[in-house]
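Survey of secondary and tertiary structure
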Amino acid sequence: MEKEFDKFSVIRSSFKIFEENNVKYILKEINPTTLCKMHGKVRDFTLKYISRLKESGIPFPEIQESYVKDNKIFFVCVYKGENLFQLMAEEEPRNLIENKKILSQVVNIFKRAKKANLDIDPHPKNFVVENGKVYYVDFSPPYLEEYNKLIMDNIEEEHKDLVRKNFIAFSPSELGFHFAGDLLKENNKFEKIMPELYSYFKQQEIIDGSFKRFLKKANEIKEIELERIRRKVFLI
């Protein structure tokens, strides 16, 4: 089970599912790289970000505890199910676009983030489903203005422009484009659902502009993230 989750992480996080008193939990282990000597500060920012997520009304799993140990940060969260890729998207892309009950909840999370002026990472792996309800589960990195500034202050100069562009992609106005870009980043087979995804996102007022602009921005975000991964630049 650990490997199934770890393959979705690009920030050196690992995950382990365990059960206690008939309740499933997921232990998330975070290994700061860019901020490798600031574990306590990263944890504090993360707790603040989690509070912002909860205040926004975004469905979010309960955090049981968090602590720093052996230069790693640990969070114990209530397990809320498999993510969108595991459930429906890996084998057949149409499963994602056709399940409006699930996709509409993802859109509502985008709208809540916009209303709260809160940056989030809209990668499909960050949305999980339990009993038909979608939860947003990503809180690391904690995309707060002051946290982003801390990263920019500690990133090598040659990477600053790339990281700045990547941070912009997490802003509320970019979430629809970013979601599409992440689908394309995972597998080009998702190209065939882009017209329908565009139409649905535009109808829901998540994006604006033409289909050509939608694809252009999605691919730009995809390339920004792939380049950051190639350079091994971490946002935590």
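This write-up is about the structure you can find in this document. (Residues numbered from 1 in each chain as written. Predicted model: local features only at pLDDT ≥ 70, side-chain atom pairs only at ≥ 80, totals over all residues. Heavy atoms only, no water.)

1. Side note on the pairing of strand β5 (residues 127-130)
Keep this limit in mind: Only when DSSP finds a minimum of two bridges between them are two strands counted as paired. Only runs of H or I of at least four residues qualify as helices and only runs of E of at least two qualify as strands under DSSP, and these elements are numbered from the N terminus.
Of the pairings in the sheet, the one linking β5 to strand β6 (residues 133-136) comprises four bridges and is antiparallel in character. Along β6, the bridge assignment pairs V128 with Y135. With antiparallel pairing between neighbouring strands as the criterion, β5 and β6 make up a hairpin whose turn holds two residues, including N131 at a positive phi of roughly 50 degrees.

2. Structural notes on the sheet that holds strand β3 (residues 63-69)
The criterion, for reference: For helices, the fitted axis covers only the stretch in contact; all axes are lines through C-alpha atoms, and the angles between them, taken along N-to-C directions, range from 0 to 180 degrees.
Within the open sheet, the four strands sit side by side as β1-β2-β4-β3. Their pairing is antiparallel. Of all the strands in the sheet, just β1 (13-20) and β3 have a single pairing partner and so form its edges. For this sheet the average axis-to-axis angle between neighbouring strands, irrespective of direction, equals 20 degrees. Bridging between strand β2 (residues 23-30) and strand β4 (residues 72-78) involves six bridges; their strand directions are antiparallel. Within the sheet, the bridge partner assigned to I30 lies in β4 and is I73.

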